[in-house]
Structure formats: structure tokens, C-alpha cells
Amino acid sequence: MGWFKRLKEGINTRRKKVIPDGVWYMCPDCRTAITSKEHAQNYYVCLTEDCLYHTRIGSAEYFDIIFDGRRTYLFDNLVSKDFLNFKDLKTYEDRLVAAKEKTNLNDAITVARGKVNRLDLVVAAMDFKFIGGSMGSVVGEKIALSIDYCLEHKVPFLLISKSGGARMMESAFSLMQMAKTASRLTRLAKAKIPYFSMMTDPTTGGVTASYAMLGDINFAEPKALIGFAGPRVIKETIKKDLPAGFQTSEFLLDHGFLDFIVHRKDLKQKIGDLLHLFRPAKEKESGEETEKVEVPVKVEANKEEKVIKKEKT
Amino acid sequence: MVFLDFERPIEELFQQLQDLIALNEKSDVDMSEQITALENQIKATRKELYSNLSGWQKVQLSRHPERPYTLYYIETMCKKFVELHGDRCYGDDKAIVGGFGSLDGQTVMFIGHQKGVNTKMRQYRNFGMANPEGYRKALRLMKLAERFNKPVVCLIDTPGAFPGLEAEERGQAEAIARNLFEMAQLNVPIICVVIGEGASGGALGIGVGDRIFMMENTWYSVISPESCSSILWRSWDYKEQAAEALKLTPQHMLDFKLIDGIIKEPVGGAHSNAEEMAKILKRHIKKELTELSIIDCEQRIEQRIEKFGRMGEYETIAIAEQKTEKEPLS
Ligand SMILES: [Zn+2]
């Protein structure tokens, strides 16, 4: 790979990552190289204008992007166990140990509460690096607890999906997490507490076929793979090549399954807008103030975007 | 008669029996005693074989080509049955059937996966693999049942939701997700019975209810043993091991408290005496419906959500840093 080093996709450690100068990142889509620092400053998005490849990032990075400042982690004390003594080429137990070591995470989802443009939000974000972001008992329980928490505190819920689907090593238990999460979401709907579902690359299988598709608002990052069956399985079934752009965010938007696609640099503002628009009527007057408050952007947006914003105002 | 590989001992005895019967017809000597003895031997061997089936053998039985399917059960259990078609959006899926039936005078909405009974019909039914319009038809029928306060019975028998190009275009994931969400809060009782294969989201898409049962020779899992083998073992050859590892039998599912009960099958499997199987199923459904109908509607929904809420195994650890505020990374 010569003088540049490709960064591993998704950085999940909670401590600040110091990126030294001279480290380069090559976009896997358009093969353009930029410094890793630039890449991180641009929300881990490719700078090439017609590419905009969104590198997979972890829960910690999403929390950084979304929350105003401090956040409180919730339900961090739940961990998976190999209760079926599942063994294929490796034991599930070994997989869990390896995943924890690699990611410094307890499981494939992390939940935190914080503020977005001064409005409360609970965010549950999945980590693909933890056994492919697979959904097992812990993922299901953390989502269920998040929903209970949102019900109790009357706080909107954002769930960021990034998963290959159900965790096979938990067999039917993982399957039932689909029913568990979907049924619990009915309570949120009944209480009229907004649930936003964001799909990122990739969101497939049982995750798509349960909570990911059940948002009051469903949205996605650009060019993410989103589907029920994986592309390889479909290709084998129909014995034909799949059309270009099949199962991408853009494809889903076109077919009516997404409300919108959002660039990562606009994510915080978009969520802030949604939270603002979804506020219950009685809060409107006191909340009006927050609309005027300019929230400083943590990472500098690129200049062109600023110019466009100026022109609009 | 179709014999599975593990039924070889029965098959051999059965051959002997056929020969003996043929011989008996031709000869003057009365062989009825030997015939009875052989018949008893077959019975005993079958009982012995079926009392200790492996996970993979249950999978094989659930796919037995002579096994009864949804429409057989409905038509055998109900005096009257009116099949209803279409999702009112796109089309009529042939892999999921449904309609109102009369169960000894009580109107029930029956919904189920349907497999074909011969080569031509198997194609027609898409091997019991539904497209989104199948799940949406199911939901439409459930809503119809709810409006007229009729209970819902779902019969599950699918190798999975269809992984096709059009299925994705029309939102397979959304259709299944929507069903989970709506079934969780349907105002009428729902009973689900796995009558054959219970594979993954395709099964669960009509599988959320107040009571979940499995027939004795069926399976329920997040993935089929074959696909599991191909992904985790990176080869199609480990389906038996995968079936064991997945712990997908009715007994496992009951022990895990993921289902509410097992419905006994006649010795030799549902296909060996389909009529008897339909009778057992009918008795079971009627009993459960009576019990469910006396529960208050709101309470029933709460219990349904709680039931699925309890599903999951994990550990809790003590974490000092839990619930402490953290500085952002950048
Ligand atoms: Zn690029």
C-alpha cells in the first residue's frame, strides 16, 4: 500500500484518538487518498465531491457528532454469555472474548443520553466491529430498556442501526429479539414519544426486519447497504447479477422506504430540527428560544458549505 | 410412501410385509399370524426410532413431502372456510393463505404459509417462501379479524421469506417488521403454531401472538441448518452439526421458554396420520382460544408484550463508570 496506511473502519475506543500527521486514508470507493486527520475532520467522509463515501464509524463517533457535549452512558452493565454452548469452528465464548478485546465494548450496541441543540435525546448506536453488529439478547434488552427509559423520562429515541442481522450463536433467542423490540416499540408509539430510526452501512437481516424499519421517521446515510436478504443470497437465488445501486439508501428512498438521506455533516442539525418539530405543543413558547441559539459546529464544515449557507440567509 | 434415511429399518420391515402379504394372497397357507407379528414389529421399531430423534431428523420430518400443510388443516378442521386473497396493494401471494373458517361454530381467522403438494404446486406456492405482499395480506386479514372481533390462528411452515430482487424492492424487511409491530398490539387473541419449518424472520412475520406452539416434529430457528453451516462452517456439509448447535427442536424451545407448548404428533409423524393430526390440532386450538377469550383485551396485549420482553439471556456486571458523565472525544 506504499506510503499511506488505510485506517481500520470504525474507531470504537472511548478515549480520544490522536491521529499523527502523515497518516493517510484511502477511500475504498473512489481510491482517493487524503490525510487521516482531514478524513476525521470531515466526519470520516470522503472529500471527493461526487463520491462522499461514508466510512463506517462506531457508536462513540456518532455520540461525538450528535450530542452537544456531555453524555451519560446507559445500561452498560449488560454482557452476552454463551448460554447455548454454541460451537462452530470457534466457540461463541471465544468470539465474545475476542470481540470485547478488539473493540473495548461490551456488546454490539451502546446507549447514551445527552442533548442535541439543547433538546434531550436518547441514542442507541450499534457497533459493526462487535461480531458484525449482530443482534443478540443484549442488543434486544438494551433497546427494550432504552424504550422504557424514554417512556419514563418522556425523551425521544434515536436508534442507529449498523448490523449484519441476528446473532446466529444465540439461535432462536436472537430471532425473538425482533419480536421483543418491535412489540416494545408499540408502547413508545402509544405514548406519542418520537422514535427515529437511522440506517447506516450495513443494515440487513433481522435488524432491518424489526426496529430499523419501524421508525416514525426512517432515514439513512448515503450509499449504505440496506436490505433484508444479503446481496450474495439474492444473487444465488435469482442466478442473475444485481442491478447497480440495488439495496442502497438511494434505492430505498426511491422505493418509498426512507424519509430522507442525510450526509453525516448535516446529521446533528437534522436531528435537532426533528426534535424541534416533534416537540409537544405546550412546550412551544419556551422552546422557541432554543431556535435562535446558534450552536457552534465542533468540526469545521468545509468552506463551500458555509458559502451556500450564507447565500441562503 | 416416502421413507427418510433414518427410517431405513422401517422401510426394510415394510418391504418384508408387502412381500408377505403378496405371498399370502397366492398361497394356501394362512400367514396372518406372521403378518400381525411383522406389523407389530414395525410399530415397535417406529416408536423406538421416533422416541429419540436428533435435531436434523426433526428438520427432515418437518420437510417430509407427505406432511400436511396449512390448507389441509384448515379444510379438515372447519366445516366452512372462505379463503380471502390479496394485500390490496400489489398482489396475492400464493405462499401465504388465509381466510375465515368456522371451528365448531366459532369464526376464526386462519392465516398460514402454504407449500405445494406436488412439483407443479411447489413452484406455484414458491416453496412456502412469501414475498412482502404475503405478509401484507396476512396483516390485512388480521386487521379484518380485529374489526369483527374474531380470533386469529397462524400456522407457520416456511423455509424463510423469499430472498428475491422484487421482494427487496417492495420492502420485505418493512413488511415483516410491520407485522411484528401490529401483531404485538392486535386487539384479538392470536395463537401461532409451527406446523413444519419455522425459519427465521419469514416465520416470525406471522409468529407474534399470545400463545406459541410447535408440533412435535418441527423446528424453529434464526437460520436454517444449511445456511448456518455455509456461513459459520463455510461449507454446506455441516448441517447436522448446525442443527444440533442451534438447539432448534420443540423441546429445546420449550425449555428456553420461547414457546408455550408442544403439540403431540401421531407416532411416525403428522404425515403418517394426517386426519388424526388435524383432530389433535383442532382440540388444542379450541382449548387455548377458550382460555384466551376470558382475558381482558388490554391485559392480553400487555401480557403478549411482556412475554416477548422476557426472552433473552445475558449477564449483568458491576461497572463503576456506569451512569457517569463523560467528556466528548473531540
Ligand atoms: Zn471516495
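Cut-off values and rules
Residues numbered from 1 in each chain as written. Chains lettered and ligands numbered in written order. Predicted model: local features only at pLDDT ≥ 70, side-chain atom pairs only at ≥ 80, totals over all residues. Helix = DSSP H or I, 4+ residues; strand = E, 2+ residues; numbered from the N terminus. Buried ≥ 20, exposed ≤ 12 C-beta atoms within 10 Å, placed from the backbone. Contact = placed C-beta atoms within 7 Å. Expected span 1.5 Å × (residues − 1). Arc of directions from axis to C-beta. Nonpolar A, V, L, I, M, F, W, Y, C, P; charged D, E, K, R; others polar. Pairing = 2+ DSSP bridges. Domains from an automatic or database assignment. Core = buried A, V, L, I, M, F, W, Y, C linked by C-beta atoms within 7 Å. Axes fitted to C-alpha atoms, helices over the stretch in contact; angles between N-to-C directions. Parallel < 35°, antiparallel > 145°, perpendicular 65-115°, else oblique. Left-handed = near helix turned anticlockwise from the far one by under 90°. pLDDT = per-residue confidence, 0-100.

Peer 1: Even after reading the chapter, I still don't get the overall build of chain A, so can you show me in this structure?
Peer 2: The helix and strand tally for chain A stands at 11 helices and 10 strands. A buried classification covers 47% of the 313 residues belonging to chain A. Contacts in chain A between residues at least 24 apart in sequence constitute 68% of all its contacts with a sequence separation of at least 6.

Peer 1: Teacher, can you tell me more about the overall build of chain B here?
Peer 2: When helices and strands are tallied, chain B shows 14 helices and 10 strands. Looking at chain B as a whole, 46% of its 330 residues are labelled buried. In chain B, 71% of the contacts between residues at least 6 apart in sequence involve partners at least 24 apart.

Peer 1: Would you explain helix 4 (residues 137-153) of chain A in this entry?
Peer 2: Since the α-helix advances by 3.6 residues per turn, residues separated by three or four positions end up pointing in the same direction. When the terminal C-alpha atoms of helix 4 of chain A are compared, their 24 Å separation across 17 residues agrees well with the 24 Å that a helix rising 1.5 Å per residue should span. Among the residues of helix 4 of chain A, those classed as buried are A:Ser137, A:Val138, A:Val139, A:Gly140, A:Glu141, A:Lys142, A:Ile143, A:Ala144, A:Ser146, A:Ile147 and A:Cys150.

Peer 1: What is the right way to look at helix 9 (residues 267-277) of chain A in this model?
Peer 2: Residues and elements named next belong to chain A. For helix 9, the set of buried residues is Lys268, Ile271, Gly272, Leu274 and Leu275. Across the axial projection of helix 9, the buried residues extend over an arc of 160°, all falling on one side. Against helix 2 (59-66), strand 5 (109-116), strand 6 (119-126), strand 7 (157-163), strand 8 (195-203) and strand 9 (217-220) lie the buried residues of helix 9.

Peer 1: Just to check I follow, could you spell out the interface of chain A and chain B for this structure?
Peer 2: A common way to report how large an interface is uses the accessible area buried once the components associate. Across the contact, 62 residues belong to chain A and 56 residues belong to chain B. Looking at the side of chain A that touches chain B, the elements that each hand over two or more residues are helix 2, strand 3 (71-74), strand 4 (78-79), helix 4, helix 5 (171-190), helix 6 (205-208) and helix 7 (231-238) of chain A. Ranked by residues supplied to the side of chain A that touches chain B, first place goes to helix 5 of chain A with 15 residues. Among the residues forming the side of chain A that touches chain B, the class breakdown is 32 nonpolar, 18 polar and 12 charged. Sheet topology note: the strand 4 of chain A/strand 9 (residues 315-316) of chain B ladder contains two bridges and is antiparallel.

Peer 1: Is there a simple way to explain the domain arrangement of chain B in this structure?
Peer 2: Annotation of chain B at the domain level lists domain 1 (5-52) and domain 2 (60-309). Placing the centre of domain 1 of chain B and that of domain 2 of chain B at their C-alpha centroids yields a distance of 36 Å.

Peer 1: Please explain unusual backbone geometry as it appears in this structure.
Peer 2: Most peptide bonds take the trans configuration, and most residues that are not glycine carry a negative phi. Cis geometry marks the peptide bond from A:Asp201 to A:Pro202; its omega dihedral reads -10°. Looking at where A:Pro202 falls in the secondary structure, it is placed in strand 8. The phi torsion at A:Ile131 lies on the positive side, around 45°, for a residue other than glycine. Residue position: A:Ile131 is located in the loop between strand 6 and helix 4. Among the residues examined, A:Ile131 registers 24 C-beta atoms within 10 Å and is labelled buried. A positive phi angle, close to 60°, is found at B:Lys257, a residue other than glycine.

Peer 1: So what exactly am I meant to see when it comes to the nonpolar core here?
Peer 2: In summary, soluble globular proteins display a tendency toward joint burial of nonpolar side chains. Counting 159 residues, the largest nonpolar core has A:Val123, A:Ala182, B:Val152, B:Leu180 and B:Val193 as the members making the most contacts within it. Per-element accounting of this core gives the leading share, nine residues, to helix 5 of chain A. Beyond its immediate stretch of four places on either side in the chain, A:Ala182 contacts A:Ser210, A:Tyr211, A:Leu214, B:Ala177, B:Leu180, B:Phe181 and B:Ala184.

Peer 1: Sorry if this is basic, but what is going on with the domain arrangement of chain A here?
Peer 2: All names here are of chain A. On domain assignment, one finds that chain A holds domain 1 (1-55) and domain 2 (56-290). For domain 1 and domain 2, the distance between their C-alpha centres works out to 23 Å. When grouped by side-chain class, the residues that make up the side of domain 1 that touches domain 2 number six nonpolar, five polar and two charged.

Peer 1: How should I be thinking about the packing of helix 5 of chain A against helix 8 (residues 172-184) of chain B in this particular structure?
Peer 2: For any two helices packed against each other, one specifies the crossing angle of their axes together with the interaxial distance. Between helix 5 of chain A and helix 8 of chain B, the least distance of the axes is 8 Å, while the angle of their chain directions is 60°. Between helix 5 of chain A and helix 8 of chain B, the angle falls in the class oblique. When the axes of helix 5 of chain A and helix 8 of chain B are compared, the crossing they make is right-handed. The segment helix 5 of chain A lies against helix 8 of chain B, with A:Met178, A:Ala179, A:Ala182, A:Ser183, A:Leu185 and A:Thr186 engaging B:Ala177, B:Leu180, B:Phe181 and B:Ala184. Broken down by class, the residue content of the contact of helix 5 of chain A with helix 8 of chain B amounts to eight nonpolar, two polar and no charged.

Peer 1: Please clarify how the confidence of the model for chain A should be interpreted in this entry.
Peer 2: Residues shown with low pLDDT carry predicted positions that ought not to be read at fine detail. All names here are of chain A. Model confidence for chain A is summarised by a mean pLDDT of 87, while 84% of its residues fall at 70 or above. Contacts of residues 1-15 to residues separated by more than four positions or lying in other chains number 32 contacts, the stretch itself having pLDDT below 50. The low-confidence segment residues 289-294, where pLDDT is below 50, has five contacts with residues more than four positions distant or belonging to other chains.

Peer 1: Please explain the pairing of strand 2 (residues 96-103) of chain B as it appears in this structure.
Peer 2: Working note: regular strand, side chains alternate between the two faces of the sheet. All names here are of chain B. Bridge count between strand 1 (residues 81-83) and strand 2: three bridges; the pairing is antiparallel. Pairing of phenylalanine 81 across the sheet is with glycine 101, part of strand 2. Pairing between strand 2 and strand 3 (residues 106-113): eight bridges, direction antiparallel. Residue pairing across strands places isoleucine 96 opposite histidine 113, the latter belonging to strand 3. What sits between strand 2 and strand 3 in their antiparallel hairpin is a turn of two residues, with aspartate 104 showing a positive phi close to 50°.

Peer 1: I'm lost on the environment of A:Asn218 in this one. Help?
Peer 2: Residues and elements named next belong to chain A. As for its placement among the helices and strands, asparagine 218 is situated in strand 9. Given 21 C-beta atoms within 10 Å, asparagine 218 falls into the buried group. Distance in space between the C-alpha atoms of asparagine 218 and phenylalanine 257 is 7.4 Å, their sequence separation being 39 residues. With near-sequence residues (within four places) excluded, asparagine 218 lies in contact with Ser197, Met213, Phe257, Leu258 and Asp259.

Peer 1: Where do I start with the pairing of strand 3 of chain B in this structure?
Peer 2: Residue and element names in this part refer to chain B. Of all eight residues in strand 3, six are buried, a share of seventy percent or more. Taken together, the four bridges between strand 3 and strand 4 (residues 152-158) define a ladder with parallel strand orientation. Within strand 4, the position partnered with glycine 112 by the bridge is leucine 155.

Peer 1: Even after reading the chapter, I still don't get the packing of helix 4 (residues 70-77) of chain B against helix 13 (residues 274-293) of chain B, so can you show me in this structure?
Peer 2: Residues and elements named next belong to chain B. The contact between helix 4 and helix 13 brings their axes to 9 Å, and the two run at 70°. Classed by the angle they form, the pair helix 4 and helix 13 counts as roughly perpendicular. In this structure, helix 4 contributes Tyr72, Tyr73, Thr76 and Met77 to the contact, and helix 13 contributes Ala274, Glu275, Ala278, Leu281 and Lys282. Grouping the amino acids of the contact of helix 4 with helix 13 by side-chain chemistry returns six nonpolar, one polar and two charged.

Peer 1: Looking at this structure, how should I read the environment of A:Ser174?
Peer 2: Within the secondary structure, A:Ser174 is located in helix 5. On the basis of neighbour counts, which here come to 27 C-beta atoms within 10 Å, the residue A:Ser174 falls in the buried class. When the C-alpha atoms of A:Ser174 and A:Gly140 are compared, they prove to be 8.0 Å apart, with 34 residues separating the residues in sequence. Discounting chain neighbours no more than four positions away, the residues touching A:Ser174 are A:Met135, A:Gly136, A:Ala166, A:Arg167 and B:Val222.

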